[in-house]
Amino acid sequence: MIPAASDFVIQVHYTPNGIATTDQTKVGFTLAKEKPARRFLTVIPTALRDAEHFHIPPGDPNWRTNTEVVFKQDAELVWFLPHMHLRGKDMTYRLVYPNGKSQIVLSVKYDFDWQFGYDLEKPILVPKGTRLQVEAHFDNSANNRLNPDPNREVFWGDQTWEEMMIPFFGVIVDPGADPKKIVAYPREFASAARK
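Read on for an overview of the structure.

Procedures and definitions
- Residues numbered from 1 in each chain as written.
- Predicted model: local features only at pLDDT ≥ 70, side-chain atom pairs only at ≥ 80, totals over all residues.
- Heavy atoms only, no water.
- Salt bridge = Lys/Arg side-chain N within 4 Å of Asp/Glu carboxyl O.
- Helix = DSSP H or I, 4+ residues; strand = E, 2+ residues; numbered from the N terminus.
- Buried < 20%, exposed > 50% of the residue type's maximum accessible area, 1.4 Å probe, protein only.
- Contact = heavy atoms within 4.5 Å.

This next bit is on the pattern of salt bridges. Applying the stated criterion to the full structure yields three salt bridges. When the shortest N-O distance is used, the salt bridge between arginine 38 and glutamate 76 registers 2.8 Å. Here glutamate 76 lies in strand E4 (residues 75–83) and arginine 38 lies in the segment before strand E1 (39–43), a separation of 38 residues in the sequence. The salt bridge partner of arginine 131 is glutamate 68, with a shortest N-O separation of 2.2 Å. Residue arginine 131 is found in strand E8 (residues 131–138), and its partner glutamate 68 is found in strand E3 (residues 63–71); the two are separated by 63 residues along the sequence. In this structure arginine 131 comes out as partly exposed when scored by relative accessible area, which is 30%.

Attention now goes to the environment of tyrosine 14. Its place among the elements puts tyrosine 14 in the segment before E1. You can call tyrosine 14 exposed: its relative accessible area is 53%. Taking the C-alpha atoms as reference, tyrosine 14 lies 8.7 Å from glutamine 159; in sequence the two are 145 residues apart. Those residues in contact with tyrosine 14, other than ones at most four positions away along the chain, are Asp23 and Thr25.

As structure tokens, then:
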């Protein structure tokens, strides 16, 4: 759904390499002829970004961070895209259902040079109240061949020598669903983010 008078913001990451160059970005649209029966949404949770919570010590070979969201309505989980930078090591997505059962739905070794999106063969039905917990590890040691400086503290940032932990995922919901009400951060994450 693209409401009238919408603005599009496209984020493209470039890192200077000393060579002048140009880029021509193109965006294409395929318009539906009929009203869609369902809607695909990308959800973009993150680990806490402040220096208190996202601070990778120098030389740490297995620094851990996590995030969590709770589903505020039923959805079908269909896609994942783990995103970190040069120190990213692994990321695991786990569903914890309202009945207490849990299921790992994706666990990957991360490689900055090969950032894959993962389409599920069959959607996973996620009932309201389910938690999606995501844990990631980073290697800030000299053993990480991609590490630009193992002696440096690393914080959240847009540049490749900084770090991110963004466990993108995609869901299918009813076409009238409010994107802002699909998931929410649990109280413990939301209160820590306000500090």
